[in-house]
Amino acid sequence: MSWIADRTAAFDSSGIRKVFDLASQLENPVNLSIGQPDFDVPLPIREALIEAVQSGKNGYALTQGMPVLKEALQGRIAADYDHADRDVFVCSGTSGGLVLALFSLVNPGEEVILFDPFFVMYQPLVKLVGGQPVLIDTYPDFRIDLNRVEEAISPRTKLILLNSPANPTGVTANPEEIRGLAELAERHDVALLSDEIYRHFCYDEPFVSPASFNERTIVIDGFSKSYAMTGWRVGFVHGPAEIIDTMVKLQQYSFVCAPQPAQWAAAAALDVDVRGPIADYRRKRDLVYDGLRDRYDLTRPGGAFYAFPKAPWGTGTEFVEAAIAQNLLIIPGNIFSRHDTHFRLSYAAGDDVIERGIELLNAMAGGPRTNG
Ligand code: PMP
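Model, not experiment: these values are computed from the prediction.

Procedures and definitions
Residues numbered from 1 in each chain as written. Predicted model: local features only at pLDDT ≥ 70, side-chain atom pairs only at ≥ 80, totals over all residues. Heavy atoms only, no water. Pairing = 2+ DSSP bridges. Helix = DSSP H or I, 4+ residues; strand = E, 2+ residues; numbered from the N terminus. Domains from an automatic or database assignment. Contact = heavy atoms within 4.5 Å. Buried area = accessible area lost by both parts, 1.4 Å probe. Salt bridge = Lys/Arg side-chain N within 4 Å of Asp/Glu carboxyl O. Polar contact = N/O pair within 3.5 Å; in protein donor to acceptor, adjacent residues only side chain to side chain. Core = buried A, V, L, I, M, F, W, Y, C linked by side-chain atoms within 4.5 Å. Buried < 20%, exposed > 50% of the residue type's maximum accessible area, 1.4 Å probe, protein only. Near = heavy atom within 4 Å. Areas by Shrake-Rupley, 256 points an atom, 1.4 Å probe, with all protein chains shown as cover. Axes fitted to C-alpha atoms, helices over the stretch in contact; angles between N-to-C directions. pLDDT = per-residue confidence, 0-100. Phe/Tyr/Trp six-rings, centres within 6.5 Å; stacked < 30°, edge-to-face > 60°. Patch = residues over 30% accessible without salt bridge, like charges linked within 9 Å, V, L, I, M, F, W, Y side chains within 5 Å. Lys, Arg positive; Asp, Glu negative; His and termini not counted. Charge placed at Lys NZ, Arg CZ, Asp CG, Glu CD. Left-handed = near helix turned anticlockwise from the far one by under 90°.

> Would you mind going over the sheet that holds strand β9 (residues 306-307) with me for this structure?
Backbone-to-backbone hydrogen bonds pair the strands of a sheet. The strands run either parallel or antiparallel. Strand order in the open sheet formed by three strands is β9-β12-β11, with antiparallel pairing between adjacent strands. Both outer strands of the open sheet, β9 and β11 (331-332), are each paired with one neighbouring strand and no more. Two elements, β9 and strand β12 (residues 343-346), share two bridges in a ladder whose sense is antiparallel. Looking at β12, one finds that tyrosine 306 is bridged to serine 346.

Below you can see the structure in the form of structure tokens.
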């Protein structure tokens, strides 16, 4: 008899890992597959971490987060949103927040609306808690069609999960889409969960949260991407107190807390200006978009650090295999989607790597695209 629980069979291991395994066999690949910033953690944040460790702040943190961080976050959230009922807690990365949110909100059999393409964790996590993912196709331009969302809502719908700026497309929902979705969720009494991990990475328009239009929005955010501290595992969630309390209760019996030294560092991060690295990523976005737009069908990304072009021939998987044979690492779109037509590239890389990647991709496209 297998000892493995049935619930684990509902999904495969992340396809991104498979690409990373392939990558480990390549020598000096042109690597445009990485989903984390290529700049270093800003110095004051590193210093705050070391100081915390050296001064003995190494024990368990409070379950809901150390006051130094939680109170600073609470102050900022209160300044952004004038909501009577909005509490915050510190979790173990945005991923930890996602896990706790789904366990806290979704009963077995309830439906969760996701936009396709989606971040890799969303479907497996929904299935893990016994929920039913309901996918809304956003191809070809990756915009949110509110009519489709409304049509997808059933009596079993519990939650809509939004991610803007988005992984893998880099597309940023516009204020009308955000407001429409926020109001629609409120009208149907459906929970709205907003994954705002790329909030700082908005290149054309200021970031807009659905929490500005729907007071019951649950926001998941974190320090991983904005401060390049993916390995330190600090995230936070804010929303109605009853939901936050429930998530903190579950955190007691699962993650326990986010690492204490990293929380002190995150508190220092709140005073660090990341406009420099963000401006640099805007320039890299332009480099990628301008470098590929003539030969690739590519929606201009407004945020995050990804682009999601259509494969110029073959399936996404076939095209990525050919790219890897040329020493170029990108990720096939079917890891993030029901469709196997696109690929994700991350421009969180040095300019020289991005330029080599663009050159290889343009050579692989074989000629100007013909289908508009
Ligand atoms: N949400 C999205 C959309 C992401 O892209 C990522 C990281 N790739 C996460 C959540 C998880 O981030 P964290 O390191 O905070 O767990």
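> How should I be thinking about the domain arrangement of the chain in this particular structure?
The parts lose accessible area when they come together, and the size of an interface is often stated as this lost area. Entries for the chain in the domain assignment read domain 1 (6-41 + 274-364) and domain 2 (43-269). Placing a centre on the C-alpha atoms of domain 1 and another on those of domain 2 gives a separation of 24 Å. On the side of domain 2, 38 residues touch domain 1, which itself brings 34 residues to the contact. Between domain 1 and domain 2 lies a buried interface of about 3,200 Å² when both sides are counted; carbon and sulfur atoms form 61% of it. In this structure, the connection of domain 1 to domain 2 is made through four salt bridges. Run the count over domain 1 and domain 2 and you get 21 residue pairs in polar contact (both at pLDDT 80 or more). Those elements giving two or more residues to the side of domain 1 that touches domain 2 turn out to be α10 (275-292) and β9.

> What is the right way to look at the nonpolar core in this model?
Counting 105 residues, the largest nonpolar core has Phe223 and Ile330 as the members making the most contacts within it. Counting the residues that make up this core, at least three belong to each of domain 1 (6-41 + 274-364) and domain 2 (43-269). Filtering out sequence-adjacent residues up to four positions away, phenylalanine 223 remains in contact with Leu69, Leu73, Ala228, Met229, Val234, Phe236, Ala266, Ala269 and Leu270.

> Whenever I open this one, the site of the ligand confuses me. Can you help?
Lining the immediate environment of the ligand, one finds 13 residues, of which Ser95, Asp195, Tyr198, Ser224 and Arg233 sit closest. For the ligand, a nitrogen atom lies 2.6 Å from a polar atom in the side chain of aspartate 195. Here an oxygen atom of the ligand sits 2.6 Å away from a polar atom, N or O, in the side chain of tyrosine 198. Protein chains shield 92% of the accessible area of the ligand, which is 410 Å² for the free molecule. The element contributing the most residues to the shell around the ligand is helix α4 (residues 93-105), with three residues.

> How should I be thinking about the sheet that holds strand β6 (residues 191-195) in this particular structure?
Here seven strands make up an open sheet; going across it, the order is β2-β8-β7-β6-β5-β3-β4 and the pairing mixed. With partners counted over all chains shown, the strands left at the sheet margins are β2 (87-91) and β4 (132-137), one partner each. Sheet twist, expressed as the mean angle between neighbouring strand axes with direction ignored, is 20 degrees. Of the strand pairs in this sheet, strand β3 (residues 111-116) and strand β5 (residues 157-163) are connected by four bridges, and their pairing is parallel. In the strand pairing of β5, leucine 114 is matched with leucine 161. Those strands touched by helix α7 (residues 175-187) are β3, β5 and β6, and its axis lies near 165 degrees from that of β5.

> Sorry, what's going on with the confidence of the model for the chain here?
One rule of thumb: low pLDDT means the predicted coordinates there are not for detailed reading. Taken over all residues, the pLDDT of the chain has a mean of 95, while the share at 70 or more is 98%. In the model, residues 367-372 has pLDDT below 50 throughout and makes nine contacts with residues more than four positions away in sequence or in other chains.

> What is the right way to look at the packing of aromatic side chains in this model?
For any pair of aromatic rings, the description consists of the separation of the ring centres together with the inter-plane angle of the planes. Using the criterion set out here, one finds 18 aromatic pairs in the structure. Judged by centre distance (5.5 Å) and plane angle (90 degrees), the ring pair of tyrosine 198 and phenylalanine 305 falls under edge-to-face. Of this pair, tyrosine 198 sits in the loop between β6 and β7 (218-222) while phenylalanine 305 sits in the loop between α10 and β9, and the two are 107 residues apart along the sequence. For tyrosine 198, a relative accessible area of 2% gives the class buried. Look at phenylalanine 305 and you get buried, because its relative accessible area is 0%. Seen from their ring centres, tryptophan 313 and phenylalanine 319 are 5.1 Å apart, and the 75 degrees between their planes marks the pair as edge-to-face.

> Even after reading the chapter, I still don't get a negative patch on the surface, so can you show me in this structure?
Among the surface-exposed residues, Asp82, Asp85, Glu215, Glu242 and Asp245 lie close enough to one another that they form a single negatively charged patch. Its location among the elements puts aspartate 85 in the loop between α3 (67-80) and β2. Among the residues examined, aspartate 85 registers a relative accessible area of 38% and is labelled partly exposed.

> What am I meant to see in the packing of helix α2 (residues 43-54) against helix α9 (residues 260-269) here?
When two helices pack together, their arrangement is given by the angle between the helix axes and the distance between those axes. With their axes 8 Å apart at the nearest point, α2 and α9 run at an angle of 145 degrees to one another. Seen along the crossing, α2 lies across α9 with a hand that is right-handed. Here α2 contributes Pro44, Ile45, Ala48, Leu49, Ala52 and Val53 to the contact with α9, which in turn contributes Pro261, Ala262, Trp264, Ala265, Ala268 and Ala269.

> Please clarify how the pattern of salt bridges should be interpreted in this entry.
Should the charged atoms of two oppositely charged side chains come close, the side chains can pair. Summed over all chains, the structure comprises 21 salt bridges. The closest approach of N and O atoms between aspartate 116 and arginine 338, which form a salt bridge, is 3.6 Å. Here the residue aspartate 116 occupies a position in strand β3, and arginine 338 occupies one in the loop between β11 and β12, the gap between them amounting to 222 residues. The exposure class of aspartate 116 is buried, given its relative accessible area of 0%.

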